[in-house]
Amino acid sequence: KGTVNDPTTFPPPSKTHGSYHWAFERLLSAALVPLTGAAFVMSPTAHPVLDGLLGVSLVMHSHIGFDSILVDYVHKRKFPILGPLASWTLRATTVGVLVGVYKFNTEDVGLTELIAKVWTA
Amino acid sequence: MMSTRVLGLGPALRKAVFSPRIVRNQIVLRNVAAKRGVQTQSLPPSASIEILNKQRLKRPSSPHFTIYQPQLTWLGSIANRMTGAALSVLLYGFSLAYLISPTNFSSAKVVEYVKQVPDSVKYAGKVILAAPFAFHSFNGLRHLGWDMGYFLSLKGAYRSGYAVLGATALGTVALVLM
């Protein structure tokens, strides 16, 4: 991509990767506040849908957070192999975590119940 | 003796010309053999960029992260990132562990394990979990405030930062005692 004396390139402008992503991230973070509060106030086993929503929202929030860390420290512009590799590893891991959270919420007691029980053990 | 031009031996040999014949060979040997152990090579001009890039890779970078004065602004920011990452690693780790081996990580087993650890470990564990959660939550609210246009001045950033720290302390105490 040119010599080292050329200015850096910018990614092409795109609303999905730009302003929509930003807005989605903020909305998700804001929604986590009432979700967490509600999940811990109400009895978790009686509201599995709420538990599931919280689980998915937490995993998505974590994924966006990890993605920001990768973009900041292992950007593909500077790390042409490690950057994309790390991104795809993160995506695969998130898929696995979503499956695990679903399994835990359906076959076992669910995230809020687990935390409540561990906290008062 | 065309090689003298490439090797740069011209001045060395010229010095030997103006001395008496007996001494000449010794001077030549002394000047030539001692001076030129290095070979030079002829390169095209386009190779200069390659040499430049190779040299740039070897250059050290001046201290930045190690010398920046600790401030509430960036300490709070990196703390937000680290607490978020730690909590997420915990979430991801547990979920993947449950996916790989549901029997070993079932809720019953986990609660059982936590029950039998000594009380001090329980309290320490609660503090270690509650403090990052409280800090990340309150700092997250501060971030959302910034996104809506509040606390954007220096005073605002510092005031909200101290408020977050105070709320974290209170929140941690509240969570641990729950």
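Predicted model, so just to flag it, every value in this text is computed and none were measured.

Procedures and definitions
Residues numbered from 1 in each chain as written. Chains lettered and ligands numbered in written order. Predicted model: local features only at pLDDT ≥ 70, side-chain atom pairs only at ≥ 80, totals over all residues. Heavy atoms only, no water. Core = buried A, V, L, I, M, F, W, Y, C linked by side-chain atoms within 4.5 Å. Buried < 20%, exposed > 50% of the residue type's maximum accessible area, 1.4 Å probe, protein only. Helix = DSSP H or I, 4+ residues; strand = E, 2+ residues; numbered from the N terminus. Contact = heavy atoms within 4.5 Å. Expected span 1.5 Å × (residues − 1). UniProt positions renumbered as here; feature names shortened; annotations may be inferred. Phe/Tyr/Trp six-rings, centres within 6.5 Å; stacked < 30°, edge-to-face > 60°. Lys NZ or Arg CZ within 6 Å of the ring centre and 35° of its normal.

Asker: For this particular structure, what's the right way to read the nonpolar core?
Answerer: Looking at soluble globular proteins, one finds that nonpolar side chains tend to be buried together. One finds V59 and F104 of chain A together with Y92 of chain B to be the most contacted residues of the largest nonpolar core, which totals 16 residues. Only helix 2 (48–73), helix 3 (82–107) and helix 4 (111–119) of chain A together with helix 5 (72–100) of chain B provide two or more residues apiece to this core. With near-sequence residues (within four places) excluded, V59 of chain A lies in contact with T94, V97, L98 and V101 of chain A together with L91 and Y92 of chain B. Among the nonpolar cores identified, the runner-up in size contains 5 residues, and L32, A39, L50 and L54 of chain A belong to it.

Asker: Please explain helix 2 of chain A as it appears in this structure.
Answerer: Since the α-helix turns once every 3.6 residues, residues separated by three or four places project in the same direction. The end-to-end C-alpha separation of helix 2 of chain A is 37 Å, in line with the 38 Å expected for 26 residues at 1.5 Å each. Considered for burial, the residues of helix 2 of chain A that qualify are L50, D51, L54, G55, S57, V59, S62, H63, I64, F66 and L70 of chain A. Packed against the buried residues of helix 2 of chain A are helix 1 (19–41), helix 3 and helix 4 of chain A together with helix 5 of chain B.

Asker: Sorry if this is basic, but what is going on with the UniProt feature "binding site: a ubiquinone" (unreviewed entry) in chain A here?
Answerer: On the UniProt side, "binding site: a ubiquinone" (unreviewed entry) is annotated at positions that read Y73 of chain A here. We classify Y73 of chain A as partly exposed; its relative accessible area is 47%. Ignoring anything within four residues of it in the chain, the contact list for Y73 of chain A reads F79 of chain A together with I78 and R81 of chain B.

Asker: For this particular structure, what's the right way to read the packing of aromatic side chains?
Answerer: What describes a pair of aromatic rings is the distance from one ring centre to the other and the angle between the planes of the rings. Counted under the stated rule, the structure contains 8 aromatic pairs over all chains. With 5.3 Å between their ring centres and 70 degrees between their planes, F66 of chain A and Y92 of chain B make a pair best called edge-to-face. Separated into two different chains, F66 of chain A in helix 2 and Y92 of chain B in helix 5 make up a pair that spans both. For the pair shown, F66 of chain A and Y92 of chain B are each scored as buried. A ring pair is formed by F65 of chain B and W74 of chain B, whose centres lie 6.5 Å apart and whose planes are at 65 degrees; its orientation type is edge-to-face. Accessibility expressed as a relative area gives 26% for W74 of chain B, which makes it partly exposed. Three or more aromatic residues link up through ring pairs in this structure, and these residues are F104 of chain A together with F94 and Y98 of chain B. In this structure, R91 of chain A is placed above the aromatic ring of W88 of chain A, and the distance from its NZ or CZ to the ring centre is 4.4 Å.

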